[in-house]
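Residues per chain, in single letters:
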Amino acid sequence: MIEVKVGSRFIHPRHGVVEISGTDERLLNGNIVDYVVMDASSANLTIKIPVESFETVGVRPAMEMADIELLFKVLRSGPSEELRNWSRRFKDNEQRILSGDAYLIAEVVRNLSKRGGADGYVSHGERKLLDRARRAVEAEIQLALGIGPEEAAERLDEELELTGGRGRK
C-alpha cells in the first residue's frame, strides 16, 4: 500500500504529475467511501479517486534515480522492430501508452521520434501518440529529478538527440 499524504506527488497514468491536496468522504450506496483528492496542475484539474482504488487505477510514486537512468538508456538505445502496417503499429503504440509502464512509453517516444528520419515526417495520428507519450515521459523526468516541466522536456530532447532521435524542434 502506497503512503498517501497531503503534499505528496505521484504519477497519474492519464494526467502526469499530480499532488495530493486532501481527502474527502462521500456517501455511495449507503456506505461512506474515502477519496484521495489530487490536483493535476498541467490540466488545471482536480481528481478524486477512492482510497481502495488508488493503486489499481495506476497512480504510483515517481521513479527512483536508478530507474530514471534506465529510462534514459531506453531513450538512447536504437529503435525496436516496428510493425510495417500503420494501423497495427498505431494500435501497438497506443497499448504501450495505456499500459502506464514508463519503459514501454519511453520506447514509443524513442521509436516515433526516430521514425521521422531526416525529413521528420510522422503521420498526424502517430504525432498525437508521440505527444501523449512525451508528456508521460516528461512527467516521470520532472518528478524524479525535481525539475520543472520545461527542463524535463529539454532533458528528454537531449537524451533523444544522443542517438539521432528528433526532439521537439
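Residues numbered from 1 in each chain as written. Predicted model: local features only at pLDDT ≥ 70, side-chain atom pairs only at ≥ 80, totals over all residues. Heavy atoms only, no water.

Next up on the list: helix α5 (residues 149-161). The terminal C-alpha atoms of α5 lie 18 Å apart, and with 13 residues this matches the ideal 18 Å at 1.5 Å per residue to within 8%. Inspection of α5 places A152, A153, L156, D157, E159 and L160 among the buried residues, and these make up the whole buried set. All buried residues of α5 lie within an arc of 160° about the axis, which places them on one face of the element. Turning to α5, the residues buried within the fold contact α1 (65-76), α3 (102-115) and α4 (124-145). (Helix = DSSP H or I, 4+ residues; strand = E, 2+ residues; numbered from the N terminus. Expected span 1.5 Å × (residues − 1). Buried < 20%, exposed > 50% of the residue type's maximum accessible area, 1.4 Å probe, protein only. Arc of directions from axis to C-beta. Contact = heavy atoms within 4.5 Å.)

Turning our eyes to something else, we now look at the confidence of the model for the protein. Of the residues in the protein, 91% have a pLDDT of 70 or more, and the chain-wide mean is 86. Predicted confidence in the protein is weakest over strand β1 (residues 9-12), with a mean pLDDT of 88, and strongest over α1, with 94. (pLDDT = per-residue confidence, 0-100.)

Attention now moves to a negative patch on the surface. On the surface, a cluster of negative charge is contributed by E150, E151, E154 and E158. Tracing the sequence through the fold places E158 in helix α5. Residue class for E158 comes out partly exposed when judged on its relative accessible area of 46%. (Patch = residues over 30% accessible without salt bridge, like charges linked within 9 Å, V, L, I, M, F, W, Y side chains within 5 Å. Areas by Shrake-Rupley, 256 points an atom, 1.4 Å probe, with all protein chains shown as cover. Salt bridge = Lys/Arg side-chain N within 4 Å of Asp/Glu carboxyl O. Lys, Arg positive; Asp, Glu negative; His and termini not counted. Charge placed at Lys NZ, Arg CZ, Asp CG, Glu CD.)

Right, let's get into the pairing of β1. Bridge count between β1 and strand β2 (residues 16-28): four bridges; the pairing is antiparallel. Among the inter-strand pairings, I11 is bridged to a residue of β2, identified as V17. Once β1 ends, the chain turns through three residues before running back antiparallel as β2. (Pairing = 2+ DSSP bridges.)

Within the fold, E140 resides in helix α4. On the basis of relative accessible area, E140 is assigned to the buried category, the value being 3%.

Let us now look at the side chain of E126. Mapped onto the fold, E126 is located in helix α4. Residue class for E126 comes out buried when judged on its relative accessible area of 2%.

This brings us to the pairing of strand β3 (residues 31-40). Along a regular strand, successive side chains alternate from one face of the sheet to the other. Sheet topology note: the β2/β3 ladder contains nine bridges and is antiparallel. For R26, the partnering residue across the bridge sits in β3 and is V33. Between β2 and β3, which pair antiparallel one after the other, the connecting turn spans two residues, and N29 there sits at a positive phi close to 50°. Alignment of β3 against strand β4 (residues 45-50), held across six bridges, turns out to be antiparallel. By the bridge assignment for β4, V36 is matched with I49. Hairpin geometry of β3 and β4 is characterised by an intervening segment of four residues between the two adjacent antiparallel strands and by a positive phi of about 50° at N44.

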